[in-house]
Amino acid sequence: MDELTKEALLTQKEPISIEHNGKFVGYYYPAIDHDKVKVAKEKLDTIMEKVLAKTGLTEDEYLSMFMNVQENSYL
C-alpha cells in the first residue's frame, strides 16, 4: 500500500468495501480509536524530528541504521 492509501485507512471511521482488480474481496472495518492513532503518530513525528536534528542523520540514513540493527539482532 502506498502512504496515501494507509493514511486513508487510518482516518476511515466507516466500513469500506475492498476490491482487487475490479472484484469485491471483502470489507475493512475500523476497530481502533483513530484519534488516538493520529495523536500517537504526531508524537512520533515530533520525536523523530528531534532525533534527526540532534544526530544530523536523514530519515533514510536513520531507517537504514535501524534496519541494520534489526537484521543483526537475529544472528
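Look up: the structure comes first, before these words.
From a predicted model like this one, the values you see are computed outputs, not experimental measurements.

Draft legend 1. The arrangement of the overall build of the chain in detail. Across its full length, the chain holds three helices and two strands. In the chain, the succession of α and β elements from N to C terminus is α-β-β-α-α. Counting only residues that meet the buried cut, the chain has 5% of its 75 residues in that class. For the chain, long-range pairs separated by at least 24 residues make up 11% of all intrachain contacts whose partners lie at least 6 apart in sequence. Of the accessible surface of the chain, which amounts to about 6,800 Å², a share of 58% is contributed by carbon and sulfur atoms.

Draft legend 2. Spotlight on the layout of surface pockets. Here the largest pocket defines a volume of roughly 270 Å³. For the largest pocket, the full set of lining residues is Lys41, Leu44, Asp45, Met48, Glu49, Leu52, Glu59, Tyr62, Leu63 and Phe66. Elements represented by at least two residues in the lining of the largest pocket include exactly helix 2 (34-55) and helix 3 (59-73). Take the lining of the largest pocket: its biggest share by element is six residues, from helix 2.

Draft legend 3. Examining the pattern of salt bridges more closely. Counted according to the given criterion, the structure contains one salt bridge. Among the ionic pairs, Asp45 bridges to Lys41, the shortest N-O distance being 3.1 Å. Of this pair, Asp45 and Lys41 both sit in helix 2, four residues apart, roughly one helical turn. You can call Asp45 partly exposed: its relative accessible area is 34%. On the basis of relative accessibility, which here comes to 37%, the residue Lys41 falls in the partly exposed class.

Draft legend 4. Broad picture of unusual backbone geometry. Here the phi dihedral of Asn21 falls at roughly 55°; this positive angle occurs in a residue that is not glycine. Along the chain, Asn21 falls in the loop between strand 1 (16-20) and strand 2 (23-28). We classify Asn21 as exposed; its relative accessible area is 69%.

Draft legend 5. The arrangement of the packing of aromatic side chains in detail. Taken as a whole and judged by the stated rule, the model has one aromatic pair. Here the aromatic rings of Phe24 and Tyr27 are separated by 5.1 Å at their centres, their planes lie at 65°, and the arrangement is edge-to-face. Owing to a relative accessible area of 53%, Tyr27 belongs among the exposed residues under this scheme.

Draft legend 6. Examining a nonpolar patch on the surface more closely. Where nonpolar side chains cluster on the molecular surface, the patch consists of Phe24, Tyr27 and Tyr29 and spans about 400 Å² of accessible area. As for its placement among the helices and strands, Phe24 is situated in strand 2.

Conventions and cut-offs
Residues numbered from 1 in each chain as written. Predicted model: local features only at pLDDT ≥ 70, side-chain atom pairs only at ≥ 80, totals over all residues. Heavy atoms only, no water. Helix = DSSP H or I, 4+ residues; strand = E, 2+ residues; numbered from the N terminus. Buried < 20%, exposed > 50% of the residue type's maximum accessible area, 1.4 Å probe, protein only. Contact = heavy atoms within 4.5 Å. Areas by Shrake-Rupley, 256 points an atom, 1.4 Å probe, with all protein chains shown as cover. 1 Å grid on protein atoms, 1.4 Å probe; cavity = no way out; pocket = protein on both sides within 12 Å on 5 of 7 lines; lining within 4 Å. Points joined across faces, edges and corners; volume = space filled by probe spheres on them. Salt bridge = Lys/Arg side-chain N within 4 Å of Asp/Glu carboxyl O. Phe/Tyr/Trp six-rings, centres within 6.5 Å; stacked < 30°, edge-to-face > 60°. Patch = residues over 30% accessible without salt bridge, like charges linked within 9 Å, V, L, I, M, F, W, Y side chains within 5 Å.

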